[in-house]
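Residue-level structural notes
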Amino acid sequence: MPLLNQDAIKADFLRHIGNGMPKSAACKLSGICRETFRNWRMRDVEFLKAFLTIWENAFEKRAFYLWDNHPFKGRRPPTGKGSGGKPRFG
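Structure report, in brief. Note that the structure is predicted; figures quoted are calculated from it, not measured.

Things to note about the overall build of the protein chain
The helix and strand inventory of the protein chain stands at 5 helices and 0 strands. Counting from the amino terminus, the protein chain carries its helices and strands in the arrangement α-α-α-α-α. The burial tally for the protein chain puts 24% of its 90 residues in the buried class. For the protein chain, the accessible surface area stands at approximately 6,900 Å², while carbon and sulfur atoms represent 58% of it.

Here you go:
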């Protein structure tokens, strides 16, 4: 598979961020490590501006993505105390 140029990878990363992905998931799907993302943020001012704009605009999408991929999805986690998953009170 041929290597993509850096601008194409940055655009792919920003597209994933715009779709509501967290930073770590967007890095993984774009094929970069978190260190590369941090370097881009520190060295490329235009990338940083684009990232911050997209990051703020995708807040609700990201909140839904994180809720949808949470293992309990709003339910109580099991307590493991033999009470059928209901916490004991008192």
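Once the structure has been displayed, the description carries forward.
Some details on the pattern of salt bridges
Counted by the stated rule, this structure contains 3 salt bridges. Among the salt bridges present, the one from D12 reaches R15, with a minimum N-O distance of 2.4 Å. Here D12 and its partner R15 are both found in helix α1 (residues 6–18), 3 residues apart, which amounts to about one turn of the helix. On the accessibility criterion, R15 (46% relative accessible area) is partly exposed. Among the salt bridges present, the one from R38 reaches E35, with a minimum N-O distance of 2.8 Å. Placement of both R38 and E35 in helix α3 (residues 34–43) is noted, with a separation of 3 residues, approximately one turn of the helix.

Concerning the side chain of R62
Among the secondary structure elements, R62 is positioned in helix α5 (residues 59–68). Leave out the neighbours within four places in its chain, and R62 touches G20, M21, P22 and W55.

Quick notes on the packing of aromatic side chains
For the structure shown, the criterion picks out 9 aromatic pairs. Cluster of aromatic residues (ring-pair linked, three or more members): F13, F37, W40, F47, F51 and W55. The ring of W55 is capped by R62, whose NZ or CZ atom sits 3.5 Å from the centre of that ring.

Regarding α1
Taking 1.5 Å per residue as the helical rise, α1 with its 13 residues ought to reach 18 Å, and the 18 Å between its terminal C-alpha atoms agrees with that figure. For α1, every residue scored as buried is listed here: I9, K10, D12, F13, L14, H16 and I17. Taken together, the buried residues of α1 touch α2 (23–30), α3 and α4 (45–57). Following α1 by one or two positions, G20 adopts a phi angle in the positive range, close to 95°.

Let's talk about the side chain of H16
With respect to the element layout, H16 can be found in helix α1. Setting aside chain neighbours within four positions, we find H16 in contact with M21, A26, L29 and S30.

Describing the nonpolar core
In terms of nonpolar packing, the biggest core is built from 14 residues, with F13, I17, I32, F37, F47 and F51 touching the most fellow members. For this core, the leading source of residues is α1, giving 4 residues. If we ignore the near neighbours within four places in the chain, the residues touching F37 are F13, K23, C27, I32, F47 and F51.

Conventions and cut-offs
- Residues numbered from 1 in each chain as written.
- Predicted model: local features only at pLDDT ≥ 70, side-chain atom pairs only at ≥ 80, totals over all residues.
- Heavy atoms only, no water.
- Helix = DSSP H or I, 4+ residues; strand = E, 2+ residues; numbered from the N terminus.
- Buried < 20%, exposed > 50% of the residue type's maximum accessible area, 1.4 Å probe, protein only.
- Areas by Shrake-Rupley, 256 points an atom, 1.4 Å probe, with all protein chains shown as cover.
- Salt bridge = Lys/Arg side-chain N within 4 Å of Asp/Glu carboxyl O.
- Contact = heavy atoms within 4.5 Å.
- Phe/Tyr/Trp six-rings, centres within 6.5 Å; stacked < 30°, edge-to-face > 60°.
- Lys NZ or Arg CZ within 6 Å of the ring centre and 35° of its normal.
- Expected span 1.5 Å × (residues − 1).
- Core = buried A, V, L, I, M, F, W, Y, C linked by side-chain atoms within 4.5 Å.

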